[in-house]
Amino acid sequence: MDQGQLNYLLHIYSPLAATERGKSSKFHSSSTHLVYSISNVVVVRDLQDLTKTTIFDGHKFETTAAQISPSGNLCCSGDARGNLFIWEIRTQGHPISKQFENQLGGAIKDIAWTSDGQRIVVVGEGKTYFAKALLLDTGSSLGEISGVSKNLYSCDVRPQRPYRLVVGGEEYSLQWYEGPPFKFKRSSKQHTNFVNTIRFNKSGDLFVSGSSDKKLFLYDGKTGEEIKEIVSDHTRSITEISWITDQSFITSSNDTTLKIWTLDGLQKTLKIEGAHEIEDMQVSVQVVNDTAYSIGLSGSLNIFKNISQIQDQSFASDRLYGHISLVNTLAFHQEQLISGDNNGKILFWIKNLAHRLNGPSHTKLIIGLSISSEGDFLYSLGGEQLKISSFNDRTVQKTVDCKGQTLALAASKKFNNIAYVLFENAQILQFTDLEVTKQYDLGYETSTFAVSDKYFFVGDKDGKIHQLDIETGNQIHEYVVQHSRITSITVKGDTFLAGDTTGKMKYFDFETKQLIHGDKWTYHTTIISYLGYSSDGKFAVSASQDNKFMVWNLENGQRIHQMLDAHKRGILTAQINNHNQLITSGGDNVMKLWNLGL
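Rules behind the numbers
Residues numbered from 1 in each chain as written. Predicted model: local features only at pLDDT ≥ 70, side-chain atom pairs only at ≥ 80, totals over all residues. Heavy atoms only, no water. Helix = DSSP H or I, 4+ residues; strand = E, 2+ residues; numbered from the N terminus. Rg over C-alpha atoms; globule rule 2.2 N^0.38 Å. Buried < 20%, exposed > 50% of the residue type's maximum accessible area, 1.4 Å probe, protein only. Contact = heavy atoms within 4.5 Å. Areas by Shrake-Rupley, 256 points an atom, 1.4 Å probe, with all protein chains shown as cover. Lys, Arg positive; Asp, Glu negative; His and termini not counted. Charge placed at Lys NZ, Arg CZ, Asp CG, Glu CD. Pairing = 2+ DSSP bridges. Axes fitted to C-alpha atoms, helices over the stretch in contact; angles between N-to-C directions. Phe/Tyr/Trp six-rings, centres within 6.5 Å; stacked < 30°, edge-to-face > 60°. Core = buried A, V, L, I, M, F, W, Y, C linked by side-chain atoms within 4.5 Å. Polar contact = N/O pair within 3.5 Å; in protein donor to acceptor, adjacent residues only side chain to side chain. Salt bridge = Lys/Arg side-chain N within 4 Å of Asp/Glu carboxyl O. Disulfide = S-S within 2.5 Å.

1. Re the overall build of the chain
Counting secondary structure elements, the chain contains zero helices and 56 strands. A globule of 598 residues ought to have a C-alpha radius of gyration of about 25 Å, and the chain, at 27 Å, matches this closely. Its C-alpha atoms put the chain at 85 × 50 × 40 Å along the principal axes. Taken over 598 residues, the chain has a buried fraction of 60%. Within the chain, residue pairs in contact and separated by at least 24 positions form 44% of the contacts whose partners lie at least 6 positions apart. By element, 43% of the accessible surface of the chain is carried by carbon and sulfur atoms, the whole surface being about 23,700 Å². Taking the average location of the 59 positive side-chain charges in the chain and that of its 64 negative ones, the two points are 4 Å from each other.

Here it is, written out as C-alpha cells:
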C-alpha cells in the first residue's frame, strides 16, 4: 500500500556560483549567510558552517542576482526574465513573501535595498527600462530611472538618508539619482569601459566604482561628485568591490588577485596559490567580519581570514570546491560520494566537503564512474577517454583513448583490473589494465548496460534487455520492458531492474527468466534516470526526469514512499549509499541527500 509523500531531506551538497567569463558574478552576504545564483535556484550558505546549505527554488528561469535585506531576514532574487521574488532567508523552506513579475523584460543583474528595507532597486538587461525602483509592500514604482540606454551591471543605494541611487553598466558612465521618488541629476563619465561595480561605504559618505578599464574612482556619497581616481595596479577588469571599513575596501579582478585599498591607494595584494590564468579569475568578493570571500571563474569559493592583519601577497587560507555544471553520474566508495559533471570534473565528497581528483582531468562530459571489484580503483569515462585513479591519493594512474562514441561504463565484478565500455556502434570492449583485451559485437542499437559476475545486461533502443554470457559473448535470453529506449539497468543477486524513456520499469529474475513485478509500475511519466536496490535487496528506488523518486517493496511490488518535487528540473541521476540513503542530482545543479525511511 502506498504510504504517501516522503519529505526528509538530510543535506544539500553545495553547488558553486554560476559564472561567466568577462562578467562580474554577483553574490551577497549578511552577517550570517552568503547567497549566490546558479541554474534556477539561489544557494544559501551558513557562514558558521559553509557545508550547511539550503536553496530557494521558486524561480522557473535562470537566477541572475540575489541580495539580502539590511535586517538579514529577507532576500530578494531576480532571474533572466526580470522576475523578482522576496523570500524569508532564516525560515526553513524559504517561504515567499512577495513576487513581482517581468520588472525589466530581461535579466536582472544587480539588486539594492534601502536601509529601511522598504524599497528595492533592480538593474539589468531591459527593453524599455534598464532599472526600476519598487516599494516593497505594493510593488509600485518609485520614479522613472531615466537617462540610460544600455544594459546596467551594478547599482547601489546610499545606506543613510537622504537616499541616493547610482547605477552603471555598458555606457561606461555612472548615473546619479536623488529621491525617492528617484530623479536623474547627473552623469559621470570617468570610465572608458563597462562599469562592473558601484558600492557605497557603510556611512554613505563615499562610494567607489570599478570597471573593465581596470580603474577605480572615489566619489562623494552625498552629492555624487568625483573626488579622485585611486590609481589601480590591477592588470585586468575589476569585477567587484566590498568595503572593509569606511576608509578601506577590497576589489576582485580577472587578473586572479584581490587587492585591499585605503583612500590613499593600494595597501595589500591577496593571491590564489598556483593560480590558473583563466579559471582563477576573481569575479566577485564580499567581506564579512574581517573575512573576505571571493569567487573564481571556476566557481571555487576562496576564503581569506583576518584581512585586517593579513600580510601582503598572502594566499587564500581555504578553498571550497563543488560543481558548476550538471552532475550526470554518481558512485559510492565506502563513505565517499564521487560525482562527475558535464565539464569533465570529478569530485570526492568527504564529510560534505569536495576534493578534486589529482592529475590530468577529463575535458568532456563524465559518462560513467565505476568502482573496481576490490574497491581500490575508480574507473571514469569522460567522452572518449577512460581513466583509472587510485582511492589512496585520489590521483589519476593511467588514461586511454577509447576511439569511439561511448555510452556507458561498468567495472568487472570479478577482476580488479578489468572494466567494460559500451559503444554506440553496438560493441562492448573489455579493458584489462586499460588495454583492449576483448571485443563483443552485438548487432543492435544499444543504449546502456550493467554487469553481474557472469553476465552483461545490455539495453537497446527498442525496449529490450539482452542477457549475454561474459565469457563467450553468447546471448542467453531477451527481456522486454516496452518498446522505448532503455535508460537504466541495475543488477543485484539473481535479479535486475530496468527502465525506459517513457517511465516504464520492470523487475526480472534472470535465473528463472521470469518477470516478478512491473506491469502496474506506471507512476513515472518520463525518462527513468536511475534504478537501485537497498543494501538488503528488499527495496528498490526509481528516479526520473519527472522530478520524482519512489521507493518500492520488491516482495509485493507496492510503492511505499515517493518524493514528488525532489528537483524541479528533473532528476538526472541518483545513487543509494551503504546506509540506505539516496543522493539525487538534478537539472537545477543541486545534489541532495535523502532519508528513504527504510
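2. Some thoughts on the sheet that holds strand 29 (residues 318-320)
Taking strand neighbours across the sheet as the criterion, the four strands line up as 25-26-27-29 in an open arrangement whose pairing is antiparallel. The strands lining the two open edges of the sheet, one partner per strand, are strand 25 (282-288) and strand 29. Taking each pair of neighbouring strands and ignoring which way they run, the sheet shows an average axis angle of 20°. Where strand 27 (residues 301-304) and strand 29 come together, three bridges link them in antiparallel fashion. Note that in strand 29 the partner of isoleucine 303 across the bridge is aspartate 318.

3. Quick look at the packing of aromatic side chains
One pass over the full model with this rule turns up 27 aromatic pairs. With centroids separated by 4.9 Å and ring planes inclined at 80°, the aromatic side chains of tyrosine 440 and phenylalanine 456 adopt a geometry described as edge-to-face. Residue tyrosine 440 is located in strand 41 (residues 435-441), and its partner phenylalanine 456 is located in strand 43 (residues 455-460); the two are separated by 16 residues in the primary sequence. A relative accessible area of 5% means that tyrosine 440 is categorised as buried. Residue classification places phenylalanine 456 among the buried positions, given a relative accessible area of 0%.

4. Looking at unusual backbone geometry
Proline 180 follows glycine 179 through a cis peptide bond whose omega is 0°. Relative to the elements of secondary structure, proline 180 occurs in the loop between strand 15 (174-178) and strand 16 (183-188). For leucine 434, which is not glycine, the phi dihedral falls at a positive 65°. Summarising the element assignment, leucine 434 is placed in the loop between strand 40 (427-432) and strand 41.

5. What about the nonpolar core?
Counting 21 residues, the largest nonpolar core has Phe27, Leu34, Leu50, Tyr293 and Leu301 as the members making the most contacts within it. Sorting the residues of this core by element identifies strand 3 (33-38), strand 4 (41-46), strand 5 (49-56), strand 25, strand 26 (291-296) and strand 27 as the ones contributing at least two each. With three residues, strand 3 is the single largest residue contributor to this core. Ignoring sequence-local partners within four residues, the contact set of leucine 34 consists of Phe27, His28, Ser29, Val43, Val44, Arg45, Leu47, Leu50, Tyr293 and Leu301.

6. Regarding the side chain of threonine 197
Its location among the elements puts threonine 197 in strand 17 (residues 195-200). Here isoleucine 241 takes part through its backbone nitrogen, which lies 3.4 Å from a polar atom of the side chain of threonine 197. Here threonine 197 is in contact with Lys26, Ser154, Val208, Ser209, Gly210, Thr239, Glu240 and Ile241, once residues within four sequence places are set aside.

7. Considerations on the pattern of salt bridges
When charged atoms on two side chains of opposite charge get close, those side chains can pair. For the structure on display, the rule yields 20 salt bridges. When the shortest N-O distance is used, the salt bridge between lysine 23 and glutamate 20 registers 3.8 Å. For lysine 23, a relative accessible area of 26% corresponds to the partly exposed category. It is possible to trace a salt-bridge network through shared partners that takes in Lys26, Asp110, Arg199 and Glu240.

8. Quick notes on the sheet that holds strand 44 (residues 464-469)
Hydrogen bonds along the backbone pair up the strands of a sheet, which may run parallel or antiparallel. Sheet architecture is open: four strands sit in the order 42-43-44-45, paired in antiparallel fashion. The sheet is open, and its two borders are formed by strand 42 (446-451) and strand 45 (475-480), each paired with just one other strand. Mean inter-strand twist for the sheet, computed between neighbouring axes without regard to direction, equals 20°. Relative to strand 43, strand 42 is paired through five bridges, and the arrangement is antiparallel.

9. Thoughts on the environment of alanine 426
Inspection of the secondary structure assignment puts alanine 426 in the loop between strand 39 (418-423) and strand 40. Here the alpha-carbon distance between alanine 426 and alanine 316, two residues 110 residues apart in the chain, equals 49 Å. Not counting residues up to four positions away in its chain, the partners in contact with alanine 426 are Tyr440, Asp441, Leu442, Gly443, Tyr444 and Thr446.

10. Considering the pairing of strand 55 (residues 581-586)
Within strand 55, five of the six residues are buried, which leaves the element mostly enclosed by the surrounding structure. Where strand 54 (residues 571-576) and strand 55 come together, five bridges link them in antiparallel fashion. Residue pairing in the sheet places alanine 574 in a bridge with threonine 584 of strand 55. Pairing of strand 55 with strand 56 (residues 591-595), which is carried by five bridges, proceeds in the antiparallel orientation. Along strand 56, the bridge assignment pairs leucine 582 with tryptophan 594. A loop of four residues connects strand 55 with strand 56, the two strands running antiparallel in sequence, and asparagine 589 in this loop sits at a positive phi of about 70°.

11. Some points on the environment of glutamate 101
Considering the arrangement of structural elements, one finds glutamate 101 in the loop between strand 9 (96-100) and strand 10 (108-113). Counting along the chain gives 22 residues from glutamate 101 to aspartate 79, while the straight-line C-alpha distance between them is 9.9 Å. Contacts of glutamate 101, omitting those with residues within four sequence positions, involve Gly82 and Asn83.

12. Observations regarding the state of the cysteines
For the structure on display, the rule yields zero disulfides. Here cysteine 76 is not cross-linked by a disulfide; its sulfur's nearest cysteine counterpart is in cysteine 75, at 7.0 Å. Owing to a relative accessible area of 0%, cysteine 76 belongs among the buried residues under this scheme.

13. Some words on the side chain of histidine 33
Among the structural elements, histidine 33 can be located in strand 3. In terms of polar contacts, histidine 33 uses its side chain to reach the side chain of threonine 32, at 2.8 Å. For histidine 33, the contacting residues outside a window of four places in its chain are His28, Val44, Arg45, Asp46, Leu47, Ile68 and Ile89.

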